[in-house]
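# Close look at the chain arrangement
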Amino acid sequence: MANVLVLLSDLHSGRSSSAVEVRLLRFWEARNVRRSGELMGVDMLLLDSQSTMMPATVNVNRLATHLTNLEEGSVYSLTGFEVTHCNQNYRLSDSSLLIRFTDSTSFKKVTEPAVPIPLESFRFRNYSEMLGLANSNNQLPDLIGEITAVKSTVTDPPQDKNRVMATIRMDNDTSVTMSLFDAQAVKIHNQLEQIGVDPRVVVATSVNPKIVGGRLFLNATSGTHIYFDKQTDAGERLFYRLVERDTGLPPVAPLLKSYAKVEKLSISELNDFVVTATYRVEMSIADETGEGLFVAFDGVIAKLHNMRAHEAANLLAGDDVNPEETDAPPFVRDMEGKSYTFQVKVGPYNFTANHQSFTISRILGEGERAPQPEFVEDGGDDDNGDDNDGAGLVRRKMKDGGCSKSAGPSAKSKKARKA
């Protein structure tokens, strides 16, 4: 006899003979801190078609059966489980129930669920709500906000008592400090070092609000997952709202999303795709000793303005206008009259007659020592992916009247362009 398909909200305490179709949102190891971090099992958060979230747990003795089958984001048919009341402290969802896997539990992937299930779900709380939950240990809410600073005590190789602290701007310009510890701190530290562009938006799940010295702090828990910028739909929406706020321009759709599905493209369409995938700014400079051409590519500009190639391309000319004859976008023109430190790459081709230009590998603003996130010096570099052998730092001022890098009273400018 087939199991009757029900919703999570239909479940009651006791052994269930029904089936539920759920999306596995997140899962993580459950360890006993009182026993030197002994592994107790795996905890997870499930979501059904009605956006009901419910926690579930797999005991360590049953991990061999299920662990290799767990994949975040996948949809499963769950049968043969037990339902019990969950701990009322540190709750991961609004449900008072918890699903326990038993020896009879079947957890099989489903490619086409009977009813579509949302891809994600969060329990975001604003600053006031976080204050209300602080020090209560009742709920572990989710956080979304703008990253304004990151500091780390992680070294290479990591030592004991690692910590990463991120300052997050929430609603109404209120800021909180989120702290991650030990293995989570090391993981996020390494992830931030590997990202080519400093992230702007963070989504953090299952944080524990605390009041310390009159200030609100959010501590990561074992169930905390960190997502940056456009890794979630919620983060992507906030990211583009911030772009619109800073540039005064409406947000543009991500380029790759429009090509996410497999489809046929003409050669012309493919060429257009490649053109908008690379963006550069050429800066003609002059001082009392001579003139030179500096070139900044997509990665460098994105680090300075948090704007990728396809976003910058949308600010340039339309299809019927020659990009060479257009002005630089506002965020490039805003650089004029400000002082920057340029790290330039000098290679053998710079000493040939046909290559009198210098590629910028990094731009730092006036008074800026290093781009955010700020990390403790640990011997690493801040490479943007280029081979920076032979690179040097040059301090110059962007002269008013053109997108240029100038050390003297005269400077010529080149227009920003697609390449």
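Here, every reference points to the structure presented above.
A short tour of the structure in this document, coming up. None of these values were measured; they are calculated from a predicted model. (Residues numbered from 1 in each chain as written. Predicted model: local features only at pLDDT ≥ 70, side-chain atom pairs only at ≥ 80, totals over all residues. Heavy atoms only, no water.)

## Notes on the overall build of the protein chain
Scanning the protein chain for helices and strands turns up eight helices and 20 strands. Burial status across the protein chain gives 44% buried among its 419 residues. Put simply, of all contacts in the protein chain between residues at least 6 apart along the chain, 63% involve residues at least 24 apart. (Helix = DSSP H or I, 4+ residues; strand = E, 2+ residues; numbered from the N terminus. Buried < 20%, exposed > 50% of the residue type's maximum accessible area, 1.4 Å probe, protein only. Contact = heavy atoms within 4.5 Å.)

## Remarks on the sheet that holds strand E9 (residues 163-169)
The sheet built from seven strands is open, its strands ordered E12-E13-E10-E9-E8-E11-E14 with mixed pairing. The outermost strands of the open sheet, each flanked by one partner alone, are strand E12 (207-212) and strand E14 (226-228). Pairwise comparison of adjacent strand axes, ignoring direction, gives a mean angle of 40 degrees for this sheet. Each of strand E8 (143-152), E9, strand E10 (175-181), strand E13 (215-220) and E14 touches helix H3 (residues 182-194); the most contacted strand, E10, lies at about 110 degrees to it. Lying on the sheet, helix H4 (residues 233-247) is in contact with E8 and strand E11 (201-204); it crosses E8 at an angle near 80 degrees. (Pairing = 2+ DSSP bridges. Axes fitted to C-alpha atoms, helices over the stretch in contact; angles between N-to-C directions.)

## Here we look at H4
The terminal C-alpha atoms of H4 lie 21 Å apart, and with 15 residues this matches the ideal 21 Å at 1.5 Å per residue to within 8%. Within the span of H4, buried status applies to Ala234, Gly235, Glu236, Leu238, Phe239, Tyr240, Leu242 and Val243. (Expected span 1.5 Å × (residues − 1).)

## With respect to the pattern of salt bridges
Within the structure shown, the criterion is met by nine salt bridges. Three or more residues joined by partner-sharing salt bridges are found here, namely Glu146, Arg169, Arg200 and Arg245. (Salt bridge = Lys/Arg side-chain N within 4 Å of Asp/Glu carboxyl O.)

## Remarks on the side chain of Glu21
Along the chain, Glu21 falls in strand E3 (residues 19-32). A distance of 2.8 Å separates a polar atom in the side chain of Glu21 from the backbone nitrogen of Ala114. With near-sequence residues (within four places) excluded, Glu21 lies in contact with Leu5, Leu47, Asp48, Tyr76, Val110, Pro113, Ala114, Val115 and Ile117. (Polar contact = N/O pair within 3.5 Å; in protein donor to acceptor, adjacent residues only side chain to side chain.)

## Section: the pairing of strand E6 (residues 75-85)
Alignment of strand E2 (residues 14-15) against E6, held across two bridges, turns out to be antiparallel. Across the sheet, the residue bridging to Gly14 is Val83, located in E6. In this structure, E3 lies alongside E6, joined through four bridges in antiparallel fashion. Along E6, the bridge assignment pairs Arg23 with Val75. Sheet analysis places E6 next to strand E7 (residues 97-109), joined by nine bridges and oriented antiparallel. Each bridged residue has a counterpart across the sheet, and for Leu78 the counterpart in E7 is Phe107.

## Some details on H3
Relative to the 18 Å expected for 13 residues at 1.5 Å per residue, H3 spans 19 Å between its end C-alpha atoms, a close match to the ideal helical length. Turning to H3, its buried residues number three or more, namely Ala185, Val186, Ile188, His189 and Leu192. Those residues of H3 hidden inside the fold are in contact with E8, E9, E10 and E14.

## Some words on the packing of aromatic side chains
Scanning all chains against the criterion turns up five aromatic pairs. Summarising the aromatic geometry, the rings of Tyr76 and Phe107 are spaced 4.1 Å apart at their centres and angled 5 degrees between planes, so their arrangement reads as stacked. In this pair, Tyr76 sits in strand E6 while Phe107 sits in strand E7, placing the two residues 31 residues apart along the sequence. Take Tyr76: its relative accessible area is 0%, and that puts it in the buried class. Arranged with centres 5.0 Å apart and planes meeting at 20 degrees, the rings of Phe122 and Phe124 form a pair that is stacked. (Phe/Tyr/Trp six-rings, centres within 6.5 Å; stacked < 30°, edge-to-face > 60°.)

## Side note on the nonpolar core
Residues Leu143, Ile168, Met178, Leu180, Leu218 and Ile226 are the most contacted members of the largest nonpolar core, which totals 25 residues. Listing elements by their share of this core, those giving two or more residues are E8, E9, E10, H3, E11, E13 and E14. It is H3 that contributes the most residues to this core, four residues altogether. By size, the runner-up hydrophobic cluster in this structure holds 22 residues, among which are Val6, Leu11, Val22 and Leu97. (Core = buried A, V, L, I, M, F, W, Y, C linked by side-chain atoms within 4.5 Å.)

## Side note on the side chain of Arg123
Along the chain, Arg123 turns up in the loop between E7 and helix H2 (127-133). Given a relative accessible area of 5%, Arg123 falls into the buried group. From its side chain, Arg123 meets the backbone oxygen of Arg91 in a polar contact 3.0 Å long.

## Considering unusual backbone geometry
If you check the backbone angles, Asp173 has positive phi at about 60 degrees while not being a glycine. Structurally, the position occupied by Asp173 is in the loop between E9 and E10. Of note in the backbone geometry, Asp182 takes a positive phi value of approximately 55 degrees without being a glycine. Tracing the backbone shows Asp182 in helix H3. Classification of Asp182 as partly exposed rests on a relative accessible area of 44%.

## A look at the pairing of E9
Taking every second residue as pointing to the same face, the buried face of E9 carries Val164, Ala166 and Ile168, while none of Arg163, Met165, Thr167 and Arg169 on the other face is buried. Here six bridges tie E8 to E9, and the two strands are oriented antiparallel to one another. By the bridge assignment for E9, Glu146 is matched with Arg169. Of the strand pairs in this sheet, E9 and E10 are connected by seven bridges, and their pairing is antiparallel. Each residue of the ladder has a partner; that of Thr167, found in E10, is Thr177.

## Some details on the environment of Val186
Here Val186 lies in helix H3. Along the sequence, Val186 and Asp156 sit 30 residues apart, while their C-alpha atoms lie 9.7 Å from each other. Those residues in contact with Val186 that sit more than four places away from it in its chain are Val154, Pro158 and Asn162.

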